[in-house]
Amino acid sequence: KELRDLFSAYGELTSLRVPKKFDGSHRGFAFADFVTAQEASAAKAALEGTHLYGRHLVLEWAEEEQSMESIRRKTARYFSKLSEGGSAPKRQKIEDDLADSAEHEE
């Protein structure tokens, strides 16, 4: 609630996500998505160096998310290989597949 109030002072939020650990505690970062880039820039400029509950806020631009469709295709390929008796691909192979998928979408 406090994060939403803090960021919404600079524009309309489309989402605010605060990832949690398996034990339910917060991981120490959040993702704030604004309607426009101008609103996001205003929030970033205004809140850099701010403290919230004794913690220094570090604001950075997130990397582009993959589309849901590319994630679905990647997941389908992974489980298709497993169902055909193949073994789970190694992490580097999955990352390479992700990079290839991203290039094909552009």
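Rules of the game
- Every chain begins its residue count from 1, and numbering advances along the sequence as written.
- The model is predicted, so local features are restricted to residues of pLDDT at least 70 and side-chain atom pairs to those at 80 or more, both for listing and for counting; the totals for chains, interfaces and linings are taken over all residues.
- Side-chain figures throughout are based on the complete set of non-hydrogen atoms in the structure, without hydrogens or water.
- Strands here are runs of E lasting at least two residues and helices are runs of H or I lasting at least four, both read from the DSSP assignment and numbered beginning at the N terminus.
- Per-residue accessibility, obtained with a 1.4 Å probe over protein chains only, is compared with the maximum for each type, and a residue is labelled buried under 20%, exposed over 50%, and partly exposed between these values.
- The criterion used for residue contact is that any of the two residues' heavy atoms lie within 4.5 Å.
- Here the open area of atoms and residues is found with the Shrake-Rupley method and a 1.4 Å probe, where only the protein chains shown may cover a residue.
- The definition of a nonpolar core used throughout is a set of buried Ala, Val, Leu, Ile, Met, Phe, Trp, Tyr and Cys residues joined through side-chain atoms within 4.5 Å.
- Salt bridge criterion: a side-chain nitrogen from Lys or Arg within 4 Å of a carboxyl oxygen from Asp or Glu.
- Points on a 1 Å grid over protein atoms alone make up a cavity when a 1.4 Å probe fits among them but cannot get out, and a pocket when they form an open set with protein on both sides within 12 Å along at least five of seven lines; lining residues each have an atom within 4 Å of a point.
- Grid points are joined across faces, edges and corners, and a volume is the space filled by probe spheres set on the points.
- Only Asp, Glu, Lys and Arg are considered charged, only Ala, Val, Leu, Ile, Met, Phe, Trp, Tyr, Cys and Pro nonpolar, and every remaining residue, Gly among them, polar.

## A word on the overall build of the protein chain
Part 1 of the reasoning: Along the protein chain, the regular secondary structure elements total 4 helices and 4 strands.
Part 2 of the reasoning: Helices and strands in the protein chain line up, N terminus first, as α-β-β-α-β-β-α-α.
Part 3 of the reasoning: When burial is assessed residue by residue, the protein chain has 14% of its 106 residues classed as buried.
Part 4 of the reasoning: Counting contacts in the protein chain only where the partners sit at least 6 residues apart, residues at least 24 apart contribute 33% of the total.
Part 5 of the reasoning: Carbon together with sulfur atoms contributes 52% to the accessible area of the protein chain, which is approximately 8400 Å² in total.

## Topic: the nonpolar core
Part 1 of the reasoning: Counting 7 residues, the largest nonpolar core is built from Phe 7, Leu 13, Phe 34, Ala 40, Ala 43, Leu 47 and Leu 59.
Part 2 of the reasoning: In terms of residues, this core owes the most to one element, helix α2 (residues 37-47), which gives 3 residues.
Part 3 of the reasoning: Those residues in contact with Ala 43 that lie beyond four places of it in its chain are Phe 7, Tyr 10, Phe 34 and Leu 59.

## Some thoughts on unusual backbone geometry
Part 1 of the reasoning: Although it is not a glycine, Tyr 53 adopts a positive phi angle of roughly 55°.
Part 2 of the reasoning: Along the chain, Tyr 53 falls in the loop between β3 (51-52) and β4 (55-56).

## Things to note about the pattern of salt bridges
Part 1 of the reasoning: According to the stated counting rule, one finds 3 salt bridges in the structure shown.
Part 2 of the reasoning: The closest approach of N and O atoms between Arg 17 and Asp 33, which form a salt bridge, is 3.5 Å. Linking Arg 17 in strand β1 (residues 13-17) with Asp 33 in strand β2 (residues 31-34), this pair joins segments that are 16 residues apart in sequence.
Part 3 of the reasoning: Close ionic contact of Glu 48 with Lys 44 constitutes a salt bridge, the shortest N to O distance being 2.8 Å.
Part 4 of the reasoning: We classify Glu 48 as partly exposed; its relative accessible area is 44%.

## Description of the environment of Phe 31
Part 1 of the reasoning: Residue position: Phe 31 is located in strand β2.
Part 2 of the reasoning: Once the C-alpha coordinates of Phe 31 and Pro 19 are considered, the two residues, 12 residues apart in sequence, prove to be 8.5 Å apart.
Part 3 of the reasoning: Not counting residues up to four positions away in its chain, the partners in contact with Phe 31 are Ser 15, Leu 16, Arg 17, Pro 19 and Ala 62.

## Concerning the layout of surface pockets
Part 1 of the reasoning: Here the largest pocket defines a volume of roughly 1200 Å³.
Part 2 of the reasoning: For the largest pocket, the lining is made up of 34 residues, of which Phe 7, Ala 30, Phe 31, Ala 32 and Leu 59 are closest to its centre.
Part 3 of the reasoning: Here the lining of the largest pocket is composed, by residue class, of 19 nonpolar, 4 polar and 11 charged.

By themselves these figures say nothing about function.
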